[in-house]
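Below are the chains, spelled out letter by letter.
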Amino acid sequence: MFKPLVDFIKQQYPNQEFVPLHAPRFAGNEKKYVNDCIDSTFVSSVGEYVNQFESELAKRIGAKYAVATVNGTAALHISLIVAGVRRDDLVVTQALSFVATCNAINYIGAKPLFVDVDLNTMGLSPSKLSAYLKENGVKKNDGFTYHKLTNQKISACVPMHTFGHPCDIEGLLEVCEEYGISVVEDAAEAIGSKQNEKYCGTFGMLGAYSFNGNKIITAGGGGAVVTNDESLVEKVRHLTTQAKLSHPWDFAHDMVGYNYRMPNINAALLLGQLEQLDSFVSKKRGLAERYQRFTADTEYKFVKEPENGYSNYWLCSLLVNNEAQRNELLTFANNNGVMMRPAWNLLNKLPMYHASLCGDLTNSEYIQARLVNIPSSVI
């Protein structure tokens, strides 16, 4: 029963013995810029390609500022610090996410608070968050909300735009504003995605992107923090360069910083990728349309972008009937030359996070048991 789907996927990627889930594509100025960077000898974290990439990224997504980092996890970690998250604070996020979302919270010594997702977006649910805070939160005179059970400050909310589909970020902002909670977007998968014509990553206090090797545009690794607040971007730049004070020769540092800036050689590669982002997203959306047409009269449910959302379709996804069928499809496809993957294991089920505070996660559990990611490389 799975063969027609596997055959259709192979038709999208002809002449490939094995079809990967998501492979990078280098079809523009990448080699030219990297060679120029090598010739300049400025291959570390100081160089014109870093500056140019940051400027072009901010311009491309409609943000005022961007800071390039070594990876998306570093971008999220720094964003949370700058947003004011401190040790033992609670940070609202979703259990249906890659582990890096939760790890960045844990690096600070803060604790995740898991709230359910919406079925139509697979992202953090404003209605579920509102209901949870109404029952479990208390807003004090300092303007912040604290958990009734533990008296921990709920200092931030980290929604994730799952597989490139925009969550209801506007709805989440309304809820978080009511409760005095800062919003930091995990837009690792969502470069080029929009809600109501505004780019994911630019709604919250700060946003974090990833340019890992499996993302739409990549520098092998890489990430970025984006914001519209000048004071915040200065803090991000300072912390990501070891908190070094400007001086022609002295090693003066005024706080604990991090070696998190993107090297110039990676920025050169990524600039060449960024120039092709529109083309890549257009081709991925075309692939998504073909998958949607193919699955229309089958038992597979293709996961479409939400209403008022414009998805980059980073990873195209199907929902099947149950976990047993999911596992059968995964086994058949991977044994027949087509890579497919399930959604991540829910983060609250991992040993290091199993004791975390949780709301009801019915939707997250439903998706996790049924979702299959299918090949989504740019063709």
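Residues numbered from 1 in each chain as written. Predicted model: local features only at pLDDT ≥ 70, side-chain atom pairs only at ≥ 80, totals over all residues. Heavy atoms only, no water.

(A) Summary view of the overall build of the chain. Scanning the chain from N- to C-terminus turns up 12 helices and 17 strands. Computed over the C-alpha atoms, the radius of gyration of the chain is 21 Å, within 12% of the 21 Å expected from 2.2 N^0.38 for a compact globule of 379 residues. Expressed along its principal axes, the backbone C-alpha trace of the chain runs to roughly 65 × 60 × 35 Å. Within the chain, the proportion of its 379 residues that are buried is 57%. A fraction of 71% describes how many contacts in the chain between residues 6 or more apart in sequence connect residues 24 or more apart. Computing the positive centroid from 35 side-chain charges and the negative centroid from 39, the chain places the two 2 Å apart. (Helix = DSSP H or I, 4+ residues; strand = E, 2+ residues; numbered from the N terminus. Rg over C-alpha atoms; globule rule 2.2 N^0.38 Å. Buried < 20%, exposed > 50% of the residue type's maximum accessible area, 1.4 Å probe, protein only. Contact = heavy atoms within 4.5 Å. Lys, Arg positive; Asp, Glu negative; His and termini not counted. Charge placed at Lys NZ, Arg CZ, Asp CG, Glu CD.)

(B) Spatial organisation of the pattern of salt bridges. Tallied over the full model, the rule gives nine salt bridges. The shortest N-O distance in the salt bridge between Asp7 and Lys3 comes to 2.7 Å. Residue Asp7 and its partner Lys3 are located together in helix H1 (residues 3–12), separated by four residues, close to a single helical turn. Judged by its relative accessible area of 49%, Lys3 falls in the partly exposed class. One salt bridge connects Arg285 with Glu305, and the closest N-O pair in it is separated by 2.7 Å. Of the two residues, Arg285 is situated in helix H10 (residues 277–295) and Glu305 in the loop between strand E12 (301–302) and strand E13 (309–310); the sequence distance between them amounts to 20 residues. Judged by its relative accessible area of 26%, Glu305 is partly exposed. (Salt bridge = Lys/Arg side-chain N within 4 Å of Asp/Glu carboxyl O.)

(C) Representation of helix H4 (residues 72–82) in the model. Where burial is concerned, most of H4 is hidden: 10 out of the 11 residues are buried. Burial in H4 covers these residues: Gly72, Ala74, Ala75, Leu76, His77, Ile78, Ser79, Leu80, Ile81 and Val82. Directly beyond the C-terminal end of H4, a positive phi value near 100 degrees is found at Gly84.

(D) The arrangement of the sheet that holds strand E17 (residues 371–374) in detail. Pairing in this open sheet of four strands is antiparallel, and the strands run E12-E14-E17-E15 from one edge to the other. If you trace the sheet from one side to the other, it starts and ends with E12 and strand E15 (341–342), each paired once. With two bridges joining them, E15 and E17 adopt antiparallel strand pairing. Bridge pairing in E17 links Arg341 to Asn373. (Pairing = 2+ DSSP bridges.)

(E) Inspection of the pairing of strand E1 (residues 65–69) at higher detail. Most of E1 is tucked away, with four of its five residues classed as buried. Two elements, E1 and strand E11 (residues 223–227), share five bridges in a ladder whose sense is antiparallel. Across the sheet, the residue bridging to Thr69 is Gly223, located in E11.

(F) The nonpolar core, seen in detail. Ranked by internal contacts, the top residues of the largest apolar core, which has 58 residues, are Leu57 and Phe211. Among the secondary structure elements, those contributing two or more residues to this core are helix H2 (30–40), helix H3 (48–61), E1, E11, helix H9 (264–274) and H10. In this structure Phe211 touches Phe53, Leu57, Ile217, Thr218, Ala219, Gly220, Gly221, Gly222, Gly223, Ala224, Met262 and Leu270, once residues within four positions along its chain are discounted. (Core = buried A, V, L, I, M, F, W, Y, C linked by side-chain atoms within 4.5 Å.)

(G) Examining the packing of H1 against H10 more closely. Across the interface, H1 lies against H10 with an axial gap of 12 Å and an inter-helix angle of 155 degrees. The orientation of H1 relative to H10 falls into the category roughly antiparallel. The way H1 lies across H10 gives a crossing that is right-handed. Taken together, the residues of H10 that come into contact with H1 (itself represented by Pro4, Leu5, Phe8, Ile9 and Gln12) are Leu287, Arg290, Tyr291 and Phe294. Considered class by class, the residues forming the contact of H1 with H10 number seven nonpolar, one polar and one charged. (Axes fitted to C-alpha atoms, helices over the stretch in contact; angles between N-to-C directions. Parallel < 35°, antiparallel > 145°, perpendicular 65-115°, else oblique. Left-handed = near helix turned anticlockwise from the far one by under 90°. Nonpolar A, V, L, I, M, F, W, Y, C, P; charged D, E, K, R; others polar.)

(H) Broad picture of the sheet that holds strand E9 (residues 198–199). Read from one edge to the other, the open sheet built from three strands follows the order E9-E8-E13, with strand pairing classed as antiparallel. A single partner strand is all that each edge strand has here, and the edge strands are E9 and E13. In this structure, strand E8 (residues 194–195) lies alongside E9, joined through two bridges in antiparallel fashion. Counterpart to Gln195 in the pairing with E9 is Lys198.

(I) View of unusual backbone geometry. A positive phi angle is found at Glu197, which is not glycine, with a value near 70 degrees. Structurally, the position occupied by Glu197 is in the loop between E8 and E9. Residue Gln242 is not a glycine yet carries a positive backbone phi of 60 degrees. Mapped onto the elements of the fold, Gln242 is located in the loop between helix H8 (230–240) and H9.

(J) The arrangement of the environment of Asp116 in detail. For Asp116, the position within the fold is in the loop between strand E3 (111–115) and helix H6 (126–136). For Asp116, a relative accessible area of 0% corresponds to the buried category. Separated by 33 residues in the primary sequence, Asp116 and Leu149 have C-alpha atoms spaced 19 Å apart. Residue contacts for Asp116: discarding those within four places in its chain leaves Leu124, Ser125, Lys128, Asp360, Leu361, Thr362, Asn363 and Ser364. Among the polar contacts listed, one links the side chain of Asp116 to the backbone nitrogen of Thr362, at a separation of 3.2 Å. Within polar-contact distance, the side chain of Asp116 engages the backbone nitrogen of Asn363 at 2.8 Å. (Polar contact = N/O pair within 3.5 Å; in protein donor to acceptor, adjacent residues only side chain to side chain.)

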